[in-house]
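If you want the building blocks of each chain, they are given just below.
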Amino acid sequence: MTATSPIERVVLTHVQVPLKQPLRTSEGEFTVKDAILVTLETASEVAAGESSPLAGDLGVTAGTPEQCWKLLSEAIAPSLLGFSFSTTEEIGAIASGWPGGGPAAAGAETALWDLLGQSHRVTVAQLLGAIDEQIRLGVQSGLGLGSFPSIVELLRSIETHLVEGFRRVRIRISPGSDVEVVRAVRQHFGDIPLMVDANGAYSSRDIDVLRALDEFDLLMIEQPMKPGDIEGMIALQGQISTPICIDESAGTMEQTTEAIRLGACRIVNLKIQRVGGLGPARAIHDLCFQHGIACWVGSTPELGLGQSFGLHLATLANCKYPTGVQPSARWFVDDCIAPALELSSPGLFSIPQRPGVGYQVDQQKLRRYQVRQAEFTSRTTG
Ligand SMILES: [Mg+2]
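Residues numbered from 1 in each chain as written. Predicted model: local features only at pLDDT ≥ 70, side-chain atom pairs only at ≥ 80, totals over all residues. Heavy atoms only, no water.

Per an unreviewed UniProt entry, the chain is named o-succinylbenzoate synthase, and its organism is Aquisphaera giovannonii. Recorded in UniProt for the chain, the comment headed Cofactor (unreviewed entry) runs: "a divalent metal cation". (UniProt positions renumbered as here; feature names shortened; annotations may be inferred.)

And the structure:
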């Protein structure tokens, strides 16, 4: 394989895009989406990735916008100048030298995948090793909902969005707002594919409550207990037939290996931003496949650029549930990419055939939402 042209210029742009509605998570309320777009330029290509600090991450990832900016500007961006490479293994090798991991690494790492794809004239999905048929089929999108002040408002929101054709519904539960909520959704919407995300809000003392959810035929219960409470999830999984899905507990290959070995889950939520890029995410995907554990690709949510890498990842064969990737317009008043991230038919994304990730940064929009920018050039490195 031929090598890419050397990277001559790296631009970091911190943007804040307003959210359509405040995003309520277990960690607070967010009104804007922070992201740092990483743009790489060679003599012949412009590639981009998104570093997207996670909203409501239970403090698992060292990834505030400020921390990501510092890691990217002080260590990661300078290391990319002059870099030329021809395989995804070389991306893994350079990324392994970056401090911090998480969303800071993910921004630069995914940009390198985009660059390699463009250079080799293949899509990121093809670089990942997805089979053509899966890429052609596209990726099913699932509706993800934050917390609501009342059951009525939750039901109204589901009703509003279901017409867009989403292939499953994911609602948040927390102690005191669980069995009744699930029952109400089942009563109103019948047997729609439904799952719940607890964001680690329960403990071993709550097993009876969680067992009561078993009768609702849920696709999965996501992260019922705190990331470190593997014992609690083993005990719970032993008493329910609904699969447990780990999210925050799947922060690294080691953590995921341990959770699977101990029988704490049957499903894993893959998040590119949490694990530091596509390479680590694919490695966890492959580990899960070897152990008969299904995956699906979650979203933080990122802006469209970050989410579009998730779409490519979601074409891998062991991603067996609809993705958490949703159209840009679902969350944001606007986006920074062209074309916009949109469903191609109800509840379905098609994978762009264009080389690389298949989306470009819209410079005009970037300026509109820019908070700060930093540029690195190879003049000093020759
Ligand atoms: Mg989750």
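## Side note on the pairing of strand S7 (residues 194-197)
Side-chain alternation along S7 places Leu-194 and Val-196 on one buried face and Met-195 and Asp-197 on a second face that is also buried. Bridging between strand S6 (residues 169-172) and S7 involves 4 bridges; their strand directions are parallel. Looking across to S7, one finds that Ile-171 is bridged to Val-196. One crossover worth recording links S6 to the parallel S7 by way of helix H7 (residues 179-189), and it is right-handed. Of the strand pairs in this sheet, S7 and strand S8 (residues 221-222) are connected by 2 bridges, and their pairing is parallel. Residue Val-196 lies in a different strand from S8, and its bridge partner there is Ile-221. (Buried < 20%, exposed > 50% of the residue type's maximum accessible area, 1.4 Å probe, protein only. Helix = DSSP H or I, 4+ residues; strand = E, 2+ residues; numbered from the N terminus. Pairing = 2+ DSSP bridges. Right-handed = clockwise from strand over helix to strand, strands pointing away.)

## Comments concerning the packing of helix H10 (residues 253-261) against helix H12 (residues 278-290)
Close contact between H10 and H12 brings their axes to 10 Å; oriented N to C, the two are set at 15 degrees. As summarised for this structure, H10 and H12 are arranged roughly parallel, according to the angle between their axes. Between H10 and H12 lies a crossing whose hand is right-handed. Across the interface between the two elements, Met-253, Thr-256, Thr-257 and Ile-260 from H10 touch Ala-283, Ile-284, Leu-287 and Cys-288 from H12. (Axes fitted to C-alpha atoms, helices over the stretch in contact; angles between N-to-C directions. Parallel < 35°, antiparallel > 145°, perpendicular 65-115°, else oblique. Left-handed = near helix turned anticlockwise from the far one by under 90°. Contact = heavy atoms within 4.5 Å.)

## Regarding the coordination of the magnesium ion
Looking at the metal site, the magnesium ion is ligated by Asp-197 (OD), Glu-222 (OE) and Asp-247 (OD), spaced 2.2 to 2.3 Å from it. Here the donor residues for the magnesium ion map to a single chain with the spacing D-x24-E-x24-D. Here Asp-197, found in strand S7, pairs with Glu-222, found in strand S8; they are 25 residues apart in sequence, far enough to count as distant. For Glu-222, a relative accessible area of 0% gives the class buried. (Donors = N, O, S within 2.8 Å, 3.2 Å for Na, K, Ca; no water.)

## Describing unusual backbone geometry
Cis geometry is found at the peptide bond from Thr-300 to Pro-301, where omega equals -10 degrees. By the secondary structure assignment, Pro-301 is in the loop between strand S11 (294-297) and helix H13 (304-313). Residues Ala-338 and Pro-339 are joined by a peptide bond in cis, for which omega reads -10 degrees. Inspection of the secondary structure assignment puts Pro-339 in the loop between strand S12 (337-338) and strand S13 (348-349).

## Some points on the sheet that holds S8
Overall, parallel pairing links the 7 strands, which are arranged S5-S6-S7-S8-S9-S10-S11 in an open sheet. Two strands bound the open sheet, and with one partner strand each, they are strand S5 (143-144) and S11. Pairing between S8 and strand S9 (residues 244-246): 2 bridges, direction parallel. Note on S9: the bridge partner recorded for Ile-221 is Ile-244.

## Brief notes about the domain arrangement of the chain
As far as domains go, the chain holds domain 1 (9-122 + 361-381) and domain 2 (126-357). Once you take the C-alpha centre of each, domain 1 and domain 2 turn out to be 23 Å apart. Taken together, both faces of the contact between domain 1 and domain 2 bury some 3600 Å²; the carbon and sulfur share is 64%. On the surface where domain 1 and domain 2 come into contact, there are 2 salt bridges. The residue Asp-334 makes a salt bridge to Arg-368 at a minimum N-O spacing of 3.0 Å. Among the secondary structure elements, those contributing two or more residues to the side of domain 1 that touches domain 2 are strand S1 (9-25), strand S2 (28-41), strand S3 (46-51), helix H3 (102-120) and helix H15 (363-369). With 12 residues, the single largest contributor to the side of domain 1 that touches domain 2 is H3. Here the side of domain 1 that touches domain 2 is composed, by residue class, of 23 nonpolar, 11 polar and 11 charged. (Domains from an automatic or database assignment. Buried area = accessible area lost by both parts, 1.4 Å probe. Salt bridge = Lys/Arg side-chain N within 4 Å of Asp/Glu carboxyl O. Nonpolar A, V, L, I, M, F, W, Y, C, P; charged D, E, K, R; others polar.)

## As for the nonpolar core
Note on soluble globular proteins: their nonpolar side chains tend to be buried together. Val-10, Leu-80, Leu-112 and Ile-171 are the most contacted members of the largest nonpolar core, which totals 116 residues. When we break this core down by domain, the ones giving at least three residues each are domain 1 (9-122 + 361-381) and domain 2 (126-357). In this view, Val-10 contacts Val-38, Thr-39, Leu-40, Ala-77, Leu-80, Leu-81, Ala-374, Glu-375 and Phe-376; residues no more than four positions away in its chain are not counted. By size, the runner-up hydrophobic cluster in this structure holds 5 residues, among which are Met-195, Met-220, Ile-267 and Trp-296. (Core = buried A, V, L, I, M, F, W, Y, C linked by side-chain atoms within 4.5 Å.)

## Topic: the packing of helix H2 (residues 88-95) against H3
A pair of packed helices is captured by two measures, namely the crossing angle of their axes and the spacing between those axes. Following both chains from N to C, one finds H2 and H3 inclined at 155 degrees, their axes separated by 10 Å at the closest point. Judged by the inter-axis angle, H2 sits roughly antiparallel to H3. Like other packed secondary-structure pairs, H2 and H3 cross with a definite hand, here right-handed. In this structure, H2 uses Thr-88, Ile-91, Ile-94 and Ala-95 to contact H3, whose residues at the interface are Glu-109, Leu-112, Trp-113 and Leu-116.

## Things to note about the packing of aromatic side chains
Enumeration over the complete set of coordinates arrives at 1 aromatic pair. When the centroid spacing of 4.8 Å and the interplanar angle of 10 degrees are considered together, the rings of Phe-83 and Phe-85 count as stacked. Across the pair, Phe-85 and Phe-83 agree in class, each one buried. Seen from the ring of Trp-331, Arg-330 lies directly overhead, with NZ or CZ sitting 4.2 Å from the centre. Just above the ring of Tyr-359 sits the side chain of Arg-354; from NZ or CZ to the centre is 5.6 Å. (Phe/Tyr/Trp six-rings, centres within 6.5 Å; stacked < 30°, edge-to-face > 60°. Lys NZ or Arg CZ within 6 Å of the ring centre and 35° of its normal.)

## Brief notes about the environment of Arg-121
By secondary structure assignment, the location of Arg-121 is in the loop between H3 and helix H4 (124-128). Classification of Arg-121 as exposed rests on a relative accessible area of 64%. Each C-alpha atom of the pair Arg-121 and Pro-6 lies 17 Å from the other, and the pair is 115 residues apart in sequence.

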